[in-house]
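Chain residues, written in single-letter form:
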Amino acid sequence: SELVEEYDGKTGELLLRKRRGKSTVGREQEWEYLIGEAPAKWNPEQGLMKESSQNPIFIRQDTRDAFQWRIRNLPYPSDVYQVSIEEAER
């Protein structure tokens, strides 16, 4: 099996972690993205619909001190949203 990690050179933050193994006959399997996201691919000959690029995208980005979720493509300014954590379920 194979594991690849990509870090930001300046901050040392983990940007991407992906792994893949081999099938029972020795063929390499597709990458499984554990942190970060796979590059977007879409073939118009195989699919008739594609998800909107305007939808929010959630990406897990872990640091040494915390687990983080990054959200891209928010339709409204960030001060419109409210996020809270209940300490009992943390």
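Residues numbered from 1 in each chain as written. Predicted model: local features only at pLDDT ≥ 70, side-chain atom pairs only at ≥ 80, totals over all residues. Heavy atoms only, no water.

Novice: Explain the pattern of salt bridges to me, and be specific about the residues and the numbers.
Specialist: Side-chain pairs of opposite charge can arise where the charged atoms are in close proximity. Applying the stated criterion across every chain yields a total of 5 salt bridges. A salt bridge links Arg19 to Glu32, with the nearest nitrogen and oxygen atoms 3.1 Å apart. With Arg19 in strand β2 (residues 14-20) and Glu32 in strand β3 (residues 32-35), the pair connects residues that are 13 residues apart, well separated along the chain. By relative accessible area, Glu32 is classed as partly exposed at 39%. In this structure, Arg72 engages Glu37 in a salt bridge whose closest nitrogen and oxygen atoms are separated by 3.8 Å. Taken together, the positions of Arg72 in strand β5 (residues 67-72) and Glu37 in the loop between β3 and β4 (57-62) put the pair 35 residues apart, joining distant regions of the chain. The class of Arg72 is partly exposed, set by a relative accessible area of 46%. You can call Glu37 partly exposed: its relative accessible area is 38%. (Salt bridge = Lys/Arg side-chain N within 4 Å of Asp/Glu carboxyl O. Helix = DSSP H or I, 4+ residues; strand = E, 2+ residues; numbered from the N terminus. Buried < 20%, exposed > 50% of the residue type's maximum accessible area, 1.4 Å probe, protein only.)

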